[in-house]
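Next come the chains, spelled out residue by residue.
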Amino acid sequence: MKLHVLTLFPEMILQGLAPSIIGRAVEKNILSLEAVNIRDYTLNKHGKVDDYTYGGGAGMLMQAQPVFDAWKAVTGGKRVRTIYLTPQGIPFTQKMAKELAGEEELVFLCGHYEGIDERVLEEVVTDYVSIGDYVLTGGELPAMVMIDAVARLVPGVLGNETSAEDESFHNDLLEYPQYSRPEVWHEKKVPEVLLSGNHAKISKWRLEQSEARTLKFRPDLYEKYREKQHLIKRLSKDKRNNIHMMESLSRGRGEVLYSEGENLIIFDREAATCMMTAENEETARKLSEKLPPETKWVISNQNFVKEVLESLGYGLWGSCSQYLYTAKESLPVRYKEIRSLKTEDVPYVSSRYEHDTEEYIRERIQAGDMYGAFDHGRQIGFVGLHTEGSMGLLYVEEGYRRQGIAESLEAYCVNRCLEKSRTPYGHVMEGNTASEHLQEKLGFYKASRSVYWLSGGKG
Ligand code: ADE
């Protein structure tokens, strides 16, 4: 990701971020960070960049010319996403950070004095953002706040296998309390459950703590969370058919774009995937108009929704059977040499898995969602979770098949899901009997309806 900051104090940005994790990511070339001095672009021979405000009023205003020329030098005049930091902007949130983390290039424009001439803002700014309801002396600190929050979500910045998933705001909940050694400090003991080694119990305790904290400190967030839980409960009446939507919501991935009775659109922004159900053909047609333009995939388990979308230009990629594992017990893993994959394993996986791109595989591995089987250290297979949450990405080398290794890989993946209190589920392409048998052997249940994956659409 390329980050440019247009500022009167470039050293503030560079010195502020250099010693941090963001600075390390810059050194490793995962990010590039450039701070451009707006003053270098003024045509005023005294280096002035500000002047009095027309109509009167206290203070000076940054003039259009140096700001525009600095912006043009950085972008070449292309319409790059340009964020102006201002207390008048839209409040910055974790959701916005997640969305911006998907961009290739961002420009941050920092104002000073009383602001910037409106005319240049109209020409270059795409987003007006505030970091809170208070007034600072300039946009540099807000730009640094935003860069920190956005950049840490870029794959690779936090390092291997680190997931930003369990954190505050990830699921409209604040984070649970955490403890480190010693076990007793100031006569306060670490809660017993955290010493139990029982991951399912620990997850449950943490969720309860998160809920209690959110209710106490952020009742506004708690209300949002409660509404989502209500929808999950409704969907759970037909769990087998709805598990993909329930998991999308409970894992904090899916946003409810529309919900009215049976008419439902859940959008997984990162996976650019919408999950959709409708009451009838007519409402399916109306709902399809609400699909965001960035949608790459639509999943539905209703035949008429599939037909409506096909008539609108979406292409059917595949019909799948949906399988879910409802037991709470972990599965035995007979093949022992299995571990989480690391960035160095990307070439092995991408050269053997032709359904997805290397970029996708890298992102999945860096998210900590892929596992590999090894024979004396040499990789022989893998399994993983797709971005939107379903299990898949399964492969075992020819010479190692029919020895239960695929079964062990899937069992391993199921166990990791259970540790995180997720319900493991997957989509098996209809007709793939070998995979269907494997799901049944592991104790998965099959949903009564097919799941259709459609691609394309408006674009
Ligand atoms: N510039 C000054 N105050 C600000 C704020 N609260 N958010 C963003 N930019 C600002």
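In the block above lies the structure referred to throughout.
The text that follows walks through the structure, step by step, so that each part is easy to find.

Cut-off values and rules
Residues numbered from 1 in each chain as written. Predicted model: local features only at pLDDT ≥ 70, side-chain atom pairs only at ≥ 80, totals over all residues. Heavy atoms only, no water. Near = heavy atom within 4 Å. Polar contact = N/O pair within 3.5 Å; in protein donor to acceptor, adjacent residues only side chain to side chain. Areas by Shrake-Rupley, 256 points an atom, 1.4 Å probe, with all protein chains shown as cover. Helix = DSSP H or I, 4+ residues; strand = E, 2+ residues; numbered from the N terminus. Nonpolar A, V, L, I, M, F, W, Y, C, P; charged D, E, K, R; others polar. Contact = heavy atoms within 4.5 Å. Pairing = 2+ DSSP bridges. Axes fitted to C-alpha atoms, helices over the stretch in contact; angles between N-to-C directions.

## Observations regarding the site of the ligand
In step 1: Taken together, Leu85, Thr86, Pro87, Val129, Ser130, Ile131, Gly132, Tyr134, Val135, Leu136, Gly138 and Pro142 form the complete shell of residues around the ligand.
In step 2: Between the ligand and Ile131, the relevant distance is 3.0 Å, taken from a nitrogen atom to a main-chain nitrogen or oxygen of the residue.
In step 3: Within the backbone of Tyr134, a nitrogen or oxygen atom sits 2.8 Å from a nitrogen atom of the ligand.
In step 4: Relative to its unbound accessible area of 260 Å², the ligand is 96% covered by the protein chains.
In step 5: Of all the secondary-structure elements, those providing two or more residues to the shell around the ligand are strand S5 (82-91) and strand S7 (127-130).
In step 6: If you tally residues by element for the shell around the ligand, the top one is S5, at three residues.
In step 7: Considering only residue class, the shell around the ligand consists of eight nonpolar, four polar and no charged.

## Re the side chain of Asn415
In step 1: Along the chain, the position of Asn415 falls in helix H14 (residues 405-419).
In step 2: With sequence-adjacent residues up to four places away left out, Asn415 is seen in contact with Ser330, Leu331 and Val333.

## What to know about the sheet that holds S7
In step 1: The sheet built from five strands is open, its strands ordered S2-S1-S6-S5-S7 with parallel pairing. With one partner strand each, in any of the chains shown, strand S2 (32-37) and S7 form the two edges of the open sheet. Taking each pair of neighbouring strands and ignoring which way they run, the sheet shows an average axis angle of 35 degrees.
In step 2: When S5 meets strand S6 (residues 105-110), the two strands line up parallel, connected through four bridges. Bridge pairing in S6 places Tyr84 opposite Leu109.
In step 3: Relative to the sheet, helix H1 (residues 10-17) contacts strand S1 (2-7) and S2, its axis offset from that of S2 by approximately 155 degrees.

## Concerning the environment of Ala284
In step 1: If you trace the backbone, Ala284 turns up in helix H10 (residues 281-288).
In step 2: The sequence separation of Ala284 and Lys306 amounts to 22 residues, and the corresponding C-alpha distance is 9.3 Å.
In step 3: Apart from residues no more than four positions distant in its own chain, Ala284 is found in contact with Met276, Ala278, Phe304, Val305 and Val308.

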